[in-house]
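One-letter residues, chain by chain:
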Amino acid sequence: MGDPRVTVAKILAPQGVRGEVRVLPLTDFPERFQKRKELWLGPPQDRRVRLESARAHGRVWLLKLAGIDDRNAAESLRGLELQVDEEALEPLEEGRFYVHHLVGLPVVTADGSEVGRLRDILQTGANDVFVIRRDGASGPKEYLIPAMKEFLEVDLAGGKIVLRPIPGMIEE
């Protein structure tokens, strides 16, 4: 399921003159940058890079990639994604899932009625919100459902998400 590589950060800009880059982590495990020795530079480069150093710097991380030794080389990476192989992902505790495993799954009610497909997961701070889209004859409809056990059950093995709606949650 999903791509063989998963994006874990986006390169924002060069940092200083020695080739470091500032990256925005797109992972719940940014400390992975201190443990990993290799990452992938995403498209269009699609190549492995060795990670020489990594350190947190507020909400961003400063990374030094092998072979990127000056500001111009670092600038050429602006906007690229950093990725890891799917099998290198951190194991998750029971009941937690990677977003890329969930997006695209059908969402059904407990009686099997189709609600739509999971299009996105919004991170709001209090709790995540599942964006469910239904394409119908009268046009697409989106539902925003709090990602709470009271409403949603992920059945990854069954390839679906079961929604237990309360009155008004998905009614037209």
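Residues numbered from 1 in each chain as written. Predicted model: local features only at pLDDT ≥ 70, side-chain atom pairs only at ≥ 80, totals over all residues. Heavy atoms only, no water.

Remarks on the sheet that holds strand S4 (residues 47-57)
Under the convention used in this document: Should DSSP find at least two bridges between two strands, the strands are regarded as paired. Helix and strand definitions here come from DSSP, where helices need a minimum of 4 consecutive H or I residues and strands a minimum of 2 consecutive E residues; each element is numbered from the N-terminal end. Angles here are taken between N-to-C directions and fall from 0 to 180 degrees, while the axes themselves are lines fitted to C-alpha atoms, restricted in helices to the stretch in contact.
Read around the closed barrel, 6 strands run S1-S2-S5-S4-S3-S6, paired in antiparallel fashion. Strand-to-strand twist across the sheet, computed as the mean angle between neighbouring axes with direction ignored, equals 50 degrees. Strand direction decides the pairing type here: strand S2 (residues 20-25) and strand S5 (residues 60-65), joined by 4 bridges, are antiparallel. Residue Glu-20 lies in a different strand from S5, and its bridge partner there is Lys-64.

Some points on the sheet that holds strand S12 (residues 160-163)
Overall, mixed pairing links the 6 strands, which are arranged S10-S9-S8-S7-S12-S11 in an open sheet. On the outer flanks of this sheet lie strand S10 (139-146) and strand S11 (152-155), each paired with one strand and no other. In this sheet, adjacent strand axes meet at a mean angle of 35 degrees when their direction is disregarded. As defined by bridge partners, strand S7 (residues 106-109) adjoins S12 across 3 bridges and the pair is classed as parallel. Note on S12: the bridge partner recorded for Val-108 is Val-162.

Looking at the side chain of Lys-64
Stated formally: By definition, residues are in contact when any of their heavy atoms lie within 4.5 Å.
For Lys-64, the location among the structural elements is in strand S5. Apart from the residues within four sequence positions on either side, Lys-64 is in contact with Arg-18, Gly-19, Glu-20, Arg-50, Leu-51, Glu-52, Ser-53 and Asp-69.

Details of the nonpolar core
Here is the rule: The nonpolar core is taken to be a set of buried Ala, Val, Leu, Ile, Met, Phe, Trp, Tyr and Cys residues, with the residues joined through side-chain atoms within 4.5 Å. Each residue is placed in one exposure class: buried if its accessible area under a 1.4 Å probe, protein chains only, is under 20% of its type's maximum, exposed if it is over 50%, and partly exposed if it falls in between.
In this structure, Ile-11, Val-23, Phe-33, Leu-39, Leu-63, Leu-77 and Leu-82 are the most contacted members of the largest nonpolar core, which totals 25 residues. Of all the secondary structure elements, the ones that give two or more residues to this core are strand S1 (5-15), S2, strand S3 (38-41), S4, S5, helix H2 (71-75) and strand S6 (81-85). Ranked by size, the runner-up nonpolar core spans 16 residues in total, among them Phe-130, Leu-152, Met-169 and Ile-170.

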